[in-house]
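Structure assessment
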Amino acid sequence: MFNLVIFGPPGAGKGTQSAKIIEKYNLAHISTGDMFRMHITQNTVLGQKVKELLSEGILVPDSITINMLEEEVNNNPDVSGFIFDGFPRTVAQAESLDVFLKAKNEEISLVLQLDVNEDEIKQRIAERKKVSGRADDDETKLIRRIDEYFQKTVHVLPYYEKQGKLIKIEGVGAIDDIFANITKAIDNQLNR
């Protein structure tokens with residue numbers, strides 16, 4: 001099984017590139033953001049709690065996120081792998097994911113970091129907000145999410161770098177050019 005983590009700050013293009021990766025490599029997409037939005041839309045108890053946390057720009061606690069993620073993995077036993085988008089966001093989550101996958105005789109195969117500077121991120125999210133109307137694209141919340149990424153999430157990268165699994169991809173440029181670089185990294189890993 002090929003398991004991929006895609007990293008980058010809000011607006012880095014994780015969703016766009018994930019869709020292209022899924023199509024090319026037949027992976028199941030696990031986006032914590034999508035899972036949270038589904039629970040919010042369905043107005044579940046979990047969705048109400050997640051909505052409250054996200055409206056404040058606070059990360060959802062590890063225990064909730066990990067339980068949802070494990071459920072999603074277990075619901076897709078016949079796929080050739082997973083792409084984890086928006087998870088893990090902390091070293092503790094990365095360790096929990098490793099433990100969970102190891103129990104299934106699996107592991108993270110590759111970690112892609114989409115490298116995008118903060119000015120580009122703000123511009124992209126401003127454009128996305130015009131189209132999507134996503135509540136988490138509000139400027140104040142956006143700044144909090146970007147800060148959260150650079151203060152907390154970015155610290156997960158050395159965890160994977162020590163394992164030799166981290167590849168940095170320039171996230172600014174034409175979507176297809178970025179995808180070509182991603183494809184090269186994935187193919188190199190698959191052909192080892």
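Residues numbered from 1 in each chain as written. Predicted model: local features only at pLDDT ≥ 70, side-chain atom pairs only at ≥ 80, totals over all residues. Heavy atoms only, no water.

**Observations regarding the pattern of salt bridges**
Side-chain pairs of opposite charge can arise where the charged atoms are in close proximity. Using the criterion set out here, one finds four salt bridges in the structure. The shortest N-O distance in the salt bridge between Lys165 and Glu107 comes to 3.7 Å. With a gap of 58 residues between them, Lys165 in the loop between helix H8 (157–162) and strand S5 (166–170) and Glu107 in the loop between helix H5 (91–103) and strand S4 (110–115) connect regions that are remote in the sequence. Here Lys165 falls in the buried class, since its relative accessible area comes to 12%. In this structure, the salt-bridge partner of Lys168 is Asp115, at a minimum N-O distance of 4.0 Å. In this pair, Lys168 sits in strand S5 while Asp115 sits in strand S4, placing the two residues 53 residues apart along the sequence. Relative accessible area serves as the criterion here: at 55%, Lys168 is assigned to the exposed category. (Salt bridge = Lys/Arg side-chain N within 4 Å of Asp/Glu carboxyl O. Helix = DSSP H or I, 4+ residues; strand = E, 2+ residues; numbered from the N terminus. Buried < 20%, exposed > 50% of the residue type's maximum accessible area, 1.4 Å probe, protein only.)

**Thoughts on the sheet that holds S5**
Strand pairing in a sheet is mediated by backbone hydrogen bonds. Such pairs are either parallel or antiparallel. Read across the open sheet, the five strands follow the order S2-S3-S1-S4-S5; overall the sheet is parallel. With partners counted over all chains shown, the strands left at the sheet margins are strand S2 (28–31) and S5, one partner each. Neighbour to neighbour, the strand axes of the sheet diverge by 20 degrees on average, direction disregarded. Examined bridge by bridge, S2 and strand S3 (residues 81–85) share four bridges and lie parallel to one another. Paired with Ser31 across the strands is Asp85, a residue of S3. (Pairing = 2+ DSSP bridges. Axes fitted to C-alpha atoms, helices over the stretch in contact; angles between N-to-C directions.)

**Comments concerning the side chain of Gln189**
On the secondary structure map, Gln189 appears in helix H9 (residues 175–190). Look at Gln189 and you get buried, because its relative accessible area is 19%. A polar side-chain atom of Gln189 sits 3.2 Å from the main-chain carbonyl oxygen of Ser109. The residues contacting Gln189, other than those within four sequence positions of it, are Phe2, Ser109 and Leu110. (Polar contact = N/O pair within 3.5 Å; in protein donor to acceptor, adjacent residues only side chain to side chain. Contact = heavy atoms within 4.5 Å.)

**Some remarks on the nonpolar core**
If you look at the biggest cluster of nonpolar residues, it comprises 27 residues, and the most contacted ones within it are Phe7, Phe84, Leu97, Ile108 and Tyr160. Listed by contribution, the elements that provide at least two residues to this core are strand S1 (2–7), S2, helix H2 (32–41), helix H3 (45–55), helix H4 (62–74), S3, H5 and H8. If we skip the residues at most four places from it in the chain, Ile108 touches Asn3, Val5, Phe84, Leu97, Asp98, Leu101, Tyr160 and Lys165. In terms of nonpolar packing, the next biggest core, distinct from the first, is built from 22 residues, Leu110, Leu112, Val116 and Ile169 among them. (Core = buried A, V, L, I, M, F, W, Y, C linked by side-chain atoms within 4.5 Å.)

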